[in-house]
Amino acid sequence: MTTAGHILVIDDNFDIGEIVRAAAESLGMRCTTTTSAADLPQLLAPDVTLILLDLVMPKIDGIEALRMLSKLQCKSSVVLMSGISKRVMETAEKLAQVLDLKIAGHLQKPFRLADVERLLEGHAVPHSTVQAKPPASLDITDQDLRSAALRNEFVLYYQPQIDLRSGLVDGLEALARWLHPERGVLAPDCFIPRLEAIGEIDSFGWQMAECGLAEACRFAINSQPAPRIALNV
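On a predicted model such as this, the values are computed, not experimentally measured, just so you know.

The rules behind each value
- Within any chain, residue numbers begin from 1 and follow the written order of that chain's sequence.
- Given that the model is predicted, a residue must reach a pLDDT of at least 70 before its local features are reported, and side-chain atom pairs must reach 80 or more before they are shown or counted; all residues, however, enter totals for whole chains, interfaces and linings.
- In computing side-chain values, all of the structure's heavy atoms are included and hydrogens and water are not.
- Secondary structure elements are defined from DSSP: runs of H or I of at least 4 residues count as helices, runs of E of at least 2 residues count as strands, and each element is numbered from the N terminus.
- The classification of residues rests on relative accessible area computed with a 1.4 Å probe and restricted to protein chains. Under 20% of the type maximum is buried, over 50% is exposed, and intermediate values are partly exposed.
- In this description, contact between two residues means that some pair of their heavy atoms is separated by no more than 4.5 Å.
- Areas reported as accessible are Shrake-Rupley estimates using a 1.4 Å probe. Residue values count occlusion only from the protein chains shown.
- Each nonpolar core is a collection of buried residues, namely Ala, Val, Leu, Ile, Met, Phe, Trp, Tyr and Cys, held together in the definition by side-chain atoms within 4.5 Å.
- Each aromatic pair joins two rings of Phe, Tyr and Trp (for Trp, the six-membered one) with centres within 6.5 Å, and gets the label stacked for planes under 30 degrees apart, edge-to-face for over 60, and tilted for any other angle.
- Charges are assigned to positions over rings by a cutoff of 6 Å between ring centre and Lys NZ or Arg CZ, combined with an angular limit of 35 degrees from the ring normal.
- We define a salt bridge as a contact between a side-chain nitrogen of Lys or Arg and a carboxyl oxygen of Asp or Glu at a distance within 4 Å.
- Think of each axis as a best-fit line through the C-alpha atoms, taken over the contacting stretch in the case of a helix, with angles from 0 to 180 degrees between the N-to-C directions.
- What sets the label is the angle itself: under 35 degrees gives roughly parallel, over 145 gives roughly antiparallel, 65 to 115 gives roughly perpendicular, and the rest give oblique.
- By convention, the crossing between two helices is left-handed when the near helix turns anticlockwise from the far helix through less than a right angle, and right-handed when the turn is clockwise.
- Residue polarity is assigned by list, with Asp, Glu, Lys and Arg as charged and Ala, Val, Leu, Ile, Met, Phe, Trp, Tyr, Cys and Pro as nonpolar; anything else, Gly included, falls into the polar class.
- This arc is built from the directions going out from the helix axis to the C-beta atoms.
- Polar contact is the term for a pair of N or O atoms within 3.5 Å; when the atoms are in protein, one must be able to donate a hydrogen and the other to accept it, and sequence-neighboring residues count only if both atoms are side-chain atoms.
- Pairing between strands is defined by DSSP: at least two bridges between them are needed.

Glancing now at the overall build of the protein chain. Along the protein chain, the regular secondary structure elements total eight helices and nine strands. Out of the 233 residues belonging to the protein chain, those deemed buried represent 41%. If you take every contact in the protein chain between residues at least 6 apart in sequence, the share linking residues at least 24 apart comes to 69%. Accessible area of the protein chain: about 12900 Å², with a carbon and sulfur share of 54%.

A few words on the nonpolar core. Membership of the largest hydrophobic core comes to 23 residues, with the highest contact counts inside it found for Ile10, Ile51, Leu53, Leu66, Leu69, Val78 and Leu80. Listing elements by their share of this core, those giving two or more residues are strand S1 (6-10), strand S3 (48-54), helix H3 (62-71), strand S4 (77-82) and helix H4 (86-98). Core analysis: the second largest hydrophobic core is formed by 19 residues, Tyr158, Leu172, Trp178 and Phe219 among them.

Pairs of aromatic rings are described using the distance from one ring centre to the other and the angle between the two planes. Summed over all chains, the structure comprises five aromatic pairs. Ring plane angle 50 degrees and centroid distance 5.4 Å describe the contact between Phe154 and Trp178, whose orientation is recorded as tilted. On the criterion of sequence distance, the pair formed by Phe154 in strand S6 (residues 154-162) and Trp178 in strand S7 (residues 169-180) is long-range, its members being 24 residues apart. By the burial criterion, Phe154 is buried, and Trp178 matches it. With a centroid separation of 6.1 Å and an interplanar angle of 90 degrees, the aromatic rings of Trp178 and Phe191 are classed as edge-to-face. Linking Trp178 in strand S7 with Phe191 in the loop between strand S8 (184-186) and helix H7 (192-197), this pair joins segments that are 13 residues apart in sequence. By the burial criterion, Trp178 is buried, and Phe191 matches it. The rings of Phe154, Trp178, Phe191 and Phe204 are connected pair by pair, giving a single aromatic cluster. The ring of Tyr157 has Arg177 sitting right over it, with the charged end atom 5.9 Å from the ring centre.

The next thing to look at is the pattern of salt bridges. The final tally for this structure, using the stated rule, is six salt bridges. For the salt bridge of Asp47 with Arg30, the shortest nitrogen-to-oxygen distance reads 2.7 Å. Linking Asp47 in the loop between helix H2 (40-43) and S3 with Arg30 in strand S2 (residues 30-34), this pair joins segments that are 17 residues apart in sequence. Looking at Asp47, the relative accessible area reads 34%, which means it is partly exposed.

A few words on the packing of helix H1 (residues 14-26) against helix H5 (residues 113-121). At a minimum axis distance of 9 Å, the contact between H1 and H5 shows a crossing angle of 45 degrees. Considering their axes alone, H1 and H5 lie oblique with respect to each other. The way H1 lies across H5 gives a crossing that is right-handed. For the pair H1 and H5, the contacting residues are Ile19, Val20, Ala23, Ala24 and Ser26 in the first and Leu113, Val116, Glu117 and Leu120 in the second. Considered class by class, the residues forming the contact of H1 with H5 number seven nonpolar, one polar and one charged.

This part covers the side chain of Gln207. Looking at where Gln207 falls in the secondary structure, it is placed in helix H8 (residues 201-215). Take Gln207: its relative accessible area is 19%, and that puts it in the buried class. When sequence neighbours within four positions are dropped, the list of residues in contact with Gln207 reads Ala149, Asn152 and Phe154.

On to H3. Those residues of H3 not exposed but buried are Gly62, Ala65, Leu66, Met68 and Leu69. An end-on view of H3 places all buried positions within 160 degrees of arc, on one side of the element. Looking at the buried positions of H3, the neighbouring elements they touch are H2, S3, S4 and H4. Of the residues that open H3, the one with a side-chain oxygen 3.2 Å from the backbone nitrogen of Ile63 is Asp61.

Bringing the sheet that holds S3 into the picture now. With parallel pairing, the five strands of this open sheet are ordered in space as S2-S1-S3-S4-S5. At either margin of the open sheet sits one strand with a lone partner, and together these are S2 and strand S5 (102-108). Adjacent strand axes in the sheet meet at a mean angle of 20 degrees when their direction is disregarded. Bridge count between S4 and S5: six bridges; the pairing is parallel.

The following block contains the structure:
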């Protein structure tokens, strides 16, 4: 089964990690964030395809993190992030190449969400686990749908809504997905029409609304109010 990619973000600024997470999840990619490079040995899983690394961090900085990745025999692509001069960024890139690390680019801070999205789109695996139609050999039954609701297999993915004037995220659109235990992530056209046909669409809608409200607090940053969340009804 093919995945859309797993991203690891190492940045001592929590907000940066959340911005990258929003961009990654809008593309169907998994994203793990940490504010400490000391977590690298535990977080560098085999399925991590891309690492976004801040060069300026307390305790263990980005340069030391590059050495750590080399010792861990990291095969993931690495994107360097920093607000420091371009010359320092280029020096770090040369060091990474000496350490036999694969550098996939860099992000100069401050950057916009659109910059992150463009970078991630270039690293997304073309064939994701989202299936436009269920395989003909595996028909979905009415009971499958009811059981999926009881097991909370229907989940929400969040796509950022951008203020075109500022380039900042001012809201999120909640997109329903079915995390099928055997077929991976199924798109809405695999199950919404069937839910409508069997009269379960209203209860499904309320379930997704409750899920979105419960998860809204995850996106509140630095004690600020949670962003506006748009739900399809």
